[in-house]
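Close look at the chain arrangement
Spelled out from the first residue to the last, the chains are:
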Amino acid sequence: MKHYESLKKSGDFSLVYRTGQSKANRQLVMYIRPNELEINRLGISVSKKIGNSVVRHRITRVIREVYRLNDTKLMSGWDIVIIARGGARGKGYDDLKSSFFHLAGLHKIVKEV
């Protein structure tokens, strides 16, 4: 079962950029903003500066898979936008998962286990 929706509209992304909080590391930038819903909404942005469409879509798929397999470890009720940086090019699942949870930890949206 999918526990999140995707952010698709440009206005939704803009709202998160303007009113959300951001944290960054070498591979990713994470913006979060409370959405007053009981689910998370995830948006992923990979610029053409990162590489061709094959590279960009691979990064997008890996980030989506990191979120899908680990969404139960995150608090719900957030709009989350992930922006891939140049350091994400060529990285695998484990590297991007580590980077994702580093940022989620900085934002304090990881559930205590």
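On to the pairing of strand E2 (residues 21-24), then. As paired elements, E2 and strand E3 (residues 28-34) share four bridges and run antiparallel to each other. Note that in E3 the partner of Ala-24 across the bridge is Val-29.

The geometry of an aromatic ring pair comes down to the distance between the two centres and the angle between the two planes. For the structure shown, the criterion picks out four aromatic pairs. When the ring of Phe-13 is compared with that of Tyr-17, the centres are 6.3 Å apart and the planes differ by 55°; the resulting orientation is tilted. Of the two residues, Phe-13 and Tyr-17 are both situated in helix H1 (residues 10-19); the distance of four residues between them amounts to about one turn of the helix. A relative accessible area of 14% places Phe-13 in the buried class. A ring pair is formed by Tyr-17 and Tyr-31, whose centres lie 5.0 Å apart and whose planes are at 70°; its orientation type is edge-to-face. Placement of Tyr-17 in helix H1 and of Tyr-31 in strand E3 is noted, with a sequence separation of 14 residues between them. Members of the aromatic cluster, joined through ring pairs, are Phe-13, Tyr-17 and Tyr-31.

How each quantity is defined
Residues numbered from 1 in each chain as written. Predicted model: local features only at pLDDT ≥ 70, side-chain atom pairs only at ≥ 80, totals over all residues. Heavy atoms only, no water. Pairing = 2+ DSSP bridges. Helix = DSSP H or I, 4+ residues; strand = E, 2+ residues; numbered from the N terminus. Phe/Tyr/Trp six-rings, centres within 6.5 Å; stacked < 30°, edge-to-face > 60°. Buried < 20%, exposed > 50% of the residue type's maximum accessible area, 1.4 Å probe, protein only.

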